[in-house]
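So you can see what is in the structure, the chains are spelled out below.
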Amino acid sequence: MPTSAPTAHALADVTGSDSTLRRFLHGLPGVDAVGLESRAASLGTRSIKTTAKAYAIDLAISMVDLTTLEGADTPGKVRALGAKAVHPDPTDRTTPTTAAVCVYPDMVAAAKEAVAGSGVKVASVATAFPAGRAALDVKLADVRDAVSAGADEIDMVIDRGAFLSGHFMKVYDEITAVKEACGTSARLKVIFETGELSTYDNIRRASWLGMLAGADFIKTSTGKVAVNATPANTLLMLEAVRDFRAQTGVQIGVKPAGGIRTTKDAIKFLVLVNETAGEDWLDNHWFRFGASSLLNDLLMQRQKLATGRYSGPDYVTVD
Amino acid sequence: MDNTSSLFEYAPAPESRSVVDIAPSYGLFIDGEFTEAADGKVFKTVSPSTEEVLSEIAQAGEADVDRAVKAARKAFEKWSALPGSERAKYLFRIARIIQERSRELAVLETLDNGKPIKETRDADLPLVAAHFFYYAGWADKLDHAGYGAAPRPLGVAGQVIPWNFPLLMLAWKIAPALATGNTVVLKPAETTPLSALFFADICRQAGLPKGVVNILPGYGDAGAALVAHPDVNKVAFTGSTAVGKEIARTVAGTRKKLTLELGGKGANIVFDDAPIDQAVEGIVTGIFFNQGQVCCAGSRLLVQESIQDELLDSLKRRLSTLRLGDPLDKNTDIGAINSAEQLARITALADKGEAEGAERWSPACELPSSGYWFAPTLFTGVTQAHTIARDEIFGPVLSVLSFRTPDEAVAKANNTQYGLSAGIWTEKGSRILAVANKLRAGVVWSNTFNKFDPTSPFGGYKESGFGREGGRHGLEAYLDV
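As the structure is a prediction and not an experimental result, all values here were calculated from the model.

Draft legend 1. Main features of the overall build of chain B. Helix and strand counts for chain B come out as 15 helices and 20 strands. In summary, chain B has a C-alpha radius of gyration of 22 Å against a globular reference of 23 Å for 481 residues, a match within 12%. Here the C-alpha coordinates of chain B stretch approximately 65 × 50 × 45 Å along the principal axes. Counting only contacts in chain B whose residues sit at least 6 apart along the sequence, the fraction spanning at least 24 positions is 75%. Of note, chain B has its 50 positive side-chain charges centred 7 Å away from the centre of its 58 negative side-chain charges.

Draft legend 2. Structural detail: the pairing of strand β12 (residues 267-270) of chain B. Residue and element names in this part refer to chain B. The alternating pattern of β12 places Ala267 and Ile269 and Asn268 and Val270 on opposite faces, both of which are buried. When β12 meets strand β13 (residues 300-304), the two strands line up parallel, connected through four bridges. Its bridge partner lying in β13, Asn268 is registered against Leu301. Handedness of the β12-helix α9 (residues 276-288)-β13 crossover: right-handed. Relative to strand β17 (residues 421-425), β12 runs parallel, the two sharing four bridges.

Draft legend 3. Representation of the environment of Val212 of chain B in the model. Residue and element names in this part refer to chain B. Tracing the backbone through its elements, the reader meets Val212 in the loop between α6 (194-205) and β9 (213-215). Its relative accessible area of 0% is what places Val212 among the buried residues. Separated by 134 residues in the primary sequence, Val212 and Lys78 have C-alpha atoms spaced 9.4 Å apart. Those residues in contact with Val212, other than ones at most four positions away along the chain, are Ala75, Trp79, Leu178, Thr183 and Val184.

Draft legend 4. Layout of the pairing of strand β15 (residues 377-380) of chain B. Residues and elements named next belong to chain B. Where burial is concerned, the two faces of β15 agree: the one with Thr377 and Phe379 and the one with Leu378 and Thr380 are both buried. Summarising the sheet, strand β14 (residues 359-361) and β15 pair through three bridges and their orientation is antiparallel. The residue bridging Trp361 from the neighbouring strand is Leu378, located in β15. Of the strand pairs in this sheet, β15 and strand β16 (residues 397-403) are connected by three bridges, and their pairing is parallel. Among the inter-strand pairings, Thr377 is bridged to a residue of β16, identified as Val397.

Draft legend 5. How the structure looks around the interface of chain B and chain A. Between chain B and chain A, the contact holds 29 residues from the first and 32 residues from the second. Together chain B and chain A conceal approximately 2600 Å² of surface at their shared face, both sides included; 50% is due to carbon and sulfur atoms. Where chain B touches chain A, the interface holds four salt bridges. Put simply, Arg242 of chain A and Asp277 of chain B hold a salt bridge, and the shortest N to O gap is 2.7 Å.

Draft legend 6. Main features of the sheet that holds strand β5 (residues 53-58) of chain B. Residues and elements named next belong to chain B. Spatially, β1-β5-β4 is the arrangement adopted by the three strands of the open sheet, whose pairing is mixed. Of all the strands in the sheet, just β1 (25-26) and β4 (42-46) have a single pairing partner and so form its edges. Docked against the sheet, α6 engages β1, β4 and β5, running at close to 65 degrees with respect to β5.

Draft legend 7. Structural detail: unusual backbone geometry. Residue and element names in this part refer to chain A. Along the chain, Phe129 connects to Pro130 via a cis peptide bond; the corresponding omega equals -5 degrees. Take Pro130: it is sitting in the loop between β3 (121-125) and α6 (136-148). Unusually for a residue other than glycine, Glu193 sits at a positive phi of about 55 degrees. Considering the arrangement of structural elements, one finds Glu193 in the loop between β5 (187-191) and α9 (194-197). Given a relative accessible area of 1%, Glu193 falls into the buried group.

Thresholds, definitions, all that
Residues numbered from 1 in each chain as written. Chains lettered and ligands numbered in written order. Predicted model: local features only at pLDDT ≥ 70, side-chain atom pairs only at ≥ 80, totals over all residues. Heavy atoms only, no water. Helix = DSSP H or I, 4+ residues; strand = E, 2+ residues; numbered from the N terminus. Rg over C-alpha atoms; globule rule 2.2 N^0.38 Å. Contact = heavy atoms within 4.5 Å. Lys, Arg positive; Asp, Glu negative; His and termini not counted. Charge placed at Lys NZ, Arg CZ, Asp CG, Glu CD. Buried < 20%, exposed > 50% of the residue type's maximum accessible area, 1.4 Å probe, protein only. Pairing = 2+ DSSP bridges. Right-handed = clockwise from strand over helix to strand, strands pointing away. Buried area = accessible area lost by both parts, 1.4 Å probe. Salt bridge = Lys/Arg side-chain N within 4 Å of Asp/Glu carboxyl O. Axes fitted to C-alpha atoms, helices over the stretch in contact; angles between N-to-C directions.

Have a look at this one:
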């Protein structure tokens, strides 16, 4: 990072019009898919053991956005999830809390109540999640609804159709509008649905577009499509936030979501963070895991380290 | 979280040494038996990362060379008369045994050479097995290799290999020689004889007929005797250009066939439209793979002036994440330099770079107290006139030069006495093809570096040598064509 970081205004002029924005996004360095994936794979071979593993497991637990995004969600289900976020392992109170619980907007109030006083945040997927196919007014109403119910974080999806057809300004404007609706109380996570963006060049462009528009976090995916977070797309987004901070001095968080199920996988992602963006991103203000089944594996591995024995799925809670 | 104040320090993750059993002493491998040197001489091989003596090795002299060549000559009759499919069986068997013993061999190679286990495990050993598999496949198809019907083997091959990839260079030499029906006398380098001796054991395990492969650990004098031996039909050498020239003089005027794979000063050219993050990885792979002790290393970085600052910032940041230390640790990226002599050569050349006015930079990096170590080093402000831009350093030292136009990049890349490898980084396909066609180098990688495959021929232009190893082309060096 340069010693005298320029301010965010250094890039203000690129968002002046559709054409300046397009020129800027297309002027970003390309991504070589083979090289990117081989770098991600080589970082995946780091051997993390003993003290480093114990540290990584606790760190990963503290970064989990414990999520329930089902049509069948009820306040009871959300309360159970909140209780788990606050005390992930009822048998061991030294277990860190998760970072947040992530719910649909109509469940925010219930979630808020469930985690009250614990420091666990409530995140909500607004903006017509997961497809994002609604009018901007509807999306903004969705966001305001969640924010007024007390959401600390808003996870918004971008309009992938607009992005893929080259209407970058439309995407930019939507993000800035949602950011405004978040006000000062909620942080904004922008979800690109990288599986639908299809190319790594698109993912890098989307990352910069999101950051320019005021995202506090950039997030890979909804968890609702075939390809979600991968080591490669997360590595790419980590490069983007690293470069963005070097250019603007502004630090942005990263959240891979969907498909991260095991402790081994989670540790690989932490290695990516450590060796790409750096240790400044190694806490739950700057890095999150969007995952629901990951937490139990982390807890079982944690119990294994503490006791020397593997327990089993009945030694952790089901929700 | 409360306890996040400590950093994410990786705990040591050393690979176990117990998978390899190194005997206190080893003999020469002649005619299927381990034997002492005729004059009883021995030398010690040490672990470069700790200076620990690993074993005592019989040191081959002229008389031993003669014995070995005679054994190989005798074995040649039967070996060359075998149908190709029979020779293939032996080679396939060797390849499978190498795979089965790959963990043992990886640890052994790391101990004896000093390179990280990550590289021996993930690069060297898979390639060693792949070379034997690949040439096993050719053994019964020589009629169709494009060298005429029923091409004949040459006879006894005298092979001298270096210490940077001890087992891989052995595979590059022995696999095509055996596949084509030649027999072999091979001299490994004096600092890394162990894996070749373990290979001798693998030959026995595979039931390879006696005398087909002979291994003679020793110094340059043994290599010279082997090259000069009148009953050797083919000489293959990988190593320094100076020794290569000497060998060429020795062989000149004889009927021996010769291939030389010598030094290099590869240019790694980064254009302004390159995928920067991947180019940085490629630069790191290009010069810091095996501590830069690679003849085809991308030791000259040619970067387009318009992106020079940005690229160098990225590169320096990346170098700061390299992990140097115990080569047996699975998380180690940079291991030890192979020997005290090599460390002295690297140190002297790097000092010369500084004395000539180039700017030296290394990441903050603690070197272990014993063993031979050199921190990854970057020189900026280098010009074609600097010694470090011309001489092969054979260590983790990168010289950075800049250019403004593609023509200038090509001119600078080619302005060297060597011609082994080059790299091109650009997102523009047409530029890759246009520039690659103008580079005088045996291998040109594009948007990658230091990638090897048995199917791909490898060799040099100019003082980097002649002849090709690997691929179908690699057969020619061992056939009477």
